[in-house]
Amino acid sequence: MNFIATMPAKKTGKVVAPRPVSLYNCYAMHFSPIGKAANCLAALLFLALPHELVPVAAAATYYVATNGNDTWDGLSTNTAWRRMLTTMTRVAAGDTVRVLPGTYADNFPVYKPISIIGSDLYDPQAAPWARHVPRTILCPLDTNSPGSAVITVVTGGVRILNLTITGDRDGAGMPDAKAGISSTYRPLEVRRCKIANTGGYGIMWQGTTPPPQPTDGANRKGYIVQNLTTNVTHTNLTMATGMYLSQVAVECISNVMGWIQGTNSRSAVYMEQCYSTTNMPSGMLADHNTFRYCDVAIWTLQLERGGRSFSFSRNWITNGIIGMRVCGAGGQGLVRENIINVSGITESGLTPARGIWIQADADPWSGAESTDHQVLYNRVSGASAGP
């Protein structure tokens, strides 16, 4: 617990806010040298008086359980709250919400920069599709909001961990939510979550709030790490599926994605006008991910327009049509040590299978330059095989 020491208010008969003690105030007083010393001593004594200490609230941990009650205090597993929607209205910035095992039906916004931590298990040593064990399941409140997200993040600095988020409310096999997680705020962190059965996006993150600036630091960078996204479909010809990432600086590491398909669906991971700054520890990364049955695994448009390098390395892509598509990147890409198996033709009938499709750098008509991409040690084939 932190405290602020205060001087007692003058006895004027009025309610007066306590005044903070500072040594500057001692020297600022127009007293004799002896008076100054006496007042400073008095100030130091007040610093040690418990009855003059005003507590500053520290971050709290709250609990949500299927057998909880929203009239309780939420501060322990025995007094947990029941609804996620109610919980979001009560927490403060910096708090942690721990969601105990069970199924929770709620579409809810996240208003404060908090951590939401479920009870799902994750084993990084297991096979890609067996790493995630669902225990905390979030689903839509009903089947009447197919255009909404299960979680809508309306502030920056939110962390979402160890949850299973499904868009199928009634188990009928049809999505009842447009996205698992949706946000326009930066930064955002999603780790060790399973997102499935949505009708558009696993994660839809358009980082326009606040607008990206060349001076952005590491505190604006996002992380999407060790998640499983599967069974995402879309029928809108102009939109993307899987992870839609726009105007954000993000690292996508060790995710597993499968069955991300639809009519001209853009990709499992789609990065549009995403860029990082020199104040951030690294450029854009999409490394060590596993893709299966995704029409396109990774597709980027105008990536790193500020000129930073980026990396798409050590990904495993199988049973798709296009492995990686890089369009008009502003920085130099390192496309290295990927294993890609593709076959077939796009639904439009215009594009045959392509393992690595690099259309242009920032200036495609120039000679050799620093933004030319390094494509090294990749293994591309038309066979259908993988993890």
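Parameters and conventions
Counting starts from 1 at the beginning of each chain's written sequence and moves along it residue by residue. Given that the model is predicted, a residue must reach a pLDDT of at least 70 before its local features are reported, and side-chain atom pairs must reach 80 or more before they are shown or counted; all residues, however, enter totals for whole chains, interfaces and linings. Remark: hydrogens and water are excluded; side-chain values derive from all non-hydrogen atoms of the structure. Secondary structure is summarised from DSSP: a helix means a run of H or I of at least four residues, a strand means a run of E of at least two, and numbering begins at the N terminus for each. Relative accessibility decides the category of a residue: with a 1.4 Å probe and only protein chains considered, values under 20% of the type maximum give buried, values over 50% give exposed, and everything between is partly exposed. With residues, only the protein chains shown are counted as cover, and all accessible areas are computed by Shrake-Rupley using a 1.4 Å probe. Working definition: rings of Phe, Tyr and Trp (its six-membered ring) pair if their centres are within 6.5 Å, and the pair is stacked with planes under 30 degrees apart, edge-to-face with planes over 60 apart, and tilted otherwise. For a lysine, the NZ atom is tested; for an arginine, the CZ atom; a charge sits over a ring if that atom is within 6 Å of the ring centre and within 35 degrees of the ring normal. The term salt bridge refers to a pairing of a side-chain nitrogen on Lys or Arg with a carboxyl oxygen on Asp or Glu at a separation within 4 Å. Every residue pair with non-hydrogen atoms within 4.5 Å of one another is taken to be in contact. What qualifies as a polar contact is a pair of N or O atoms within 3.5 Å, subject to a donor-acceptor requirement within protein and to the restriction that residues adjacent in sequence count only when both atoms come from side chains. The term nonpolar core refers to a set of buried residues drawn from Ala, Val, Leu, Ile, Met, Phe, Trp, Tyr and Cys, joined through side-chain atoms within 4.5 Å. Confidence of the predictor at the level of single residues is given by pLDDT, which spans 0 to 100. Any two strands between which DSSP finds at least two bridges are classified as paired.

**Observations concerning the overall build of the protein**
- Across its full length, the protein carries three helices and 35 strands.
- The burial tally for the protein puts 48% of its 387 residues in the buried class.
- As displayed, the protein offers around 17,900 Å² of accessible surface, 55% of which is attributable to carbon and sulfur atoms.

**Concerning unusual backbone geometry**
- Residues Arg186 and Pro187 are joined by a peptide bond in cis, for which omega reads -10°.
- Mapping Pro187 onto the fold places it in the loop between β15 (179-185) and β16 (188-191).
- Across the junction of Thr209 and Pro210, the peptide omega takes the value -10°, indicating a cis bond.
- Here Pro210 is to be found in the loop between β18 (201-209) and β19 (222-225).
- For Ser254, which is not a glycine, the phi torsion comes out positive at approximately 55°.
- With relative accessibility at 19%, the residue Ser254 sits in the buried group.
- Of note in the backbone geometry, Tyr377 takes a positive phi value of approximately 60° without being a glycine.
- Along the chain, Tyr377 falls in the loop between β34 (374-376) and β35 (379-381).

**Let's talk about the packing of aromatic side chains**
- A complete count under the given rule lists seven aromatic pairs for this structure.
- Relative to Tyr270, the ring of Tyr244 has its centre 5.7 Å away and its plane inclined at 25°; by these criteria the two rings are stacked. Of the two residues, Tyr244 is situated in strand β21 (residues 243-246) and Tyr270 in strand β24 (residues 269-272); the sequence distance between them amounts to 26 residues. Of the two residues, Tyr244 and Tyr270, neither departs from the other in class, the shared state being buried.
- Joined through ring pairs, the aromatic side chains of Tyr201, Tyr244, Tyr270 and Trp299 make up one cluster.
- Above the plane of the ring of Trp81 lies Arg90, whose end atom (NZ or CZ) is 5.2 Å from the centre.
- It is Arg325 that lies over the ring of Trp357; its NZ or CZ is 4.0 Å from the centre.

**Looking at the pattern of salt bridges**
- Throughout the structure, instances matching the rule amount to seven salt bridges.
- Glu251 is paired through a salt bridge with Lys221; the nearest N and O atoms lie 3.0 Å apart. Note that Glu251 is positioned in strand β22 (residues 250-253) and Lys221 in the loop between β18 and β19, a separation of 30 residues in sequence. The residues Glu251 and Lys221 share a single accessibility class, namely buried.
- Ionic pairing is found between Glu337 and Arg314, a salt bridge with its closest N-O pair at 3.3 Å. Within this pair, whereas Glu337 is found in the loop between β31 (333-336) and β32 (339-342), its partner Arg314 is found in the loop between β28 (310-313) and β29 (316-320), the two being separated by 23 residues in sequence.
- In this structure Arg314 comes out as partly exposed when scored by relative accessible area, which is 40%.
- Ionic contacts of the salt-bridge type, sharing partners, join the residues Arg159, Glu189 and Arg191 into one network.

**Digging into the environment of Gln261**
- Along the chain, the position of Gln261 falls in strand β23 (residues 256-262).
- Ignoring any residue separated from it by four or fewer positions in sequence, one finds Gln261 in contact with Val232, Thr233, His234, Tyr293 and Asp295.

**Here's the deal with the side chain of Thr277**
- By secondary structure assignment, the location of Thr277 is in the loop between β24 and β25 (285-287).
- Side-chain polar atoms of Thr277 contact the backbone oxygen of Asp216, separated by 2.5 Å.

**Concerning the side chain of Asn255**
- Note that Asn255 resides in the loop between β22 and β23.
- Given a relative accessible area of 1%, Asn255 falls into the buried group.
- Within the structure, Asn255 has its side chain in polar contact with the backbone oxygen of Ile224 (distance 2.9 Å).
- Of the polar contacts made by the side chain of Asn255, one reaches the backbone nitrogen of Asn227; its length is 2.9 Å.
- Sequence-distant contacts of Asn255, defined by excluding residues within four places in its chain, comprise Ile224, Val225, Gln226, Asn227, Met243, His288, Asn289 and Thr290.

**Remarks on the nonpolar core**
- Of all hydrophobic cores here, the largest spans 61 residues; its most connected members are Ile151, Ile181, Leu245 and Met271.
- Contact partners of Leu245, with chain neighbours within four places excluded, come to Trp205, Ile224, Val250, Cys252, Val269, Tyr270, Met271, Glu272 and Cys274.

**Remarks on the environment of Asn144**
- Summarising the element assignment, Asn144 is placed in the loop between β11 (136-139) and β12 (149-153).
- Classification of Asn144 by relative accessible area gives exposed; the value is 64%.
- Sequence separation between Asn144 and Ala177 is 33 residues, and the spatial gap between their C-alpha atoms is 8.8 Å.

**A few points about the confidence of the model for the protein**
- Mean pLDDT over the protein: 84, with 78% of residues reaching 70 or higher.
- Here residues 383-387 is a poorly scored stretch, pLDDT under 50, and it has 15 contacts once near neighbours within four places are set aside; other chains count.

**Description of the pairing of β15**
- Within β15, five of the seven residues are buried, which leaves it mostly tucked inside the rest of the structure.
- Two strands pair when backbone bridges link them, and β12 and β15 are joined in this way by four bridges, in the parallel orientation. When the bridges of β15 are listed, Thr152 appears paired with Ser182.
- Here β15 pairs with β18 via five bridges, running parallel. For Ser183, the partnering residue across the bridge sits in β18 and is Trp205.

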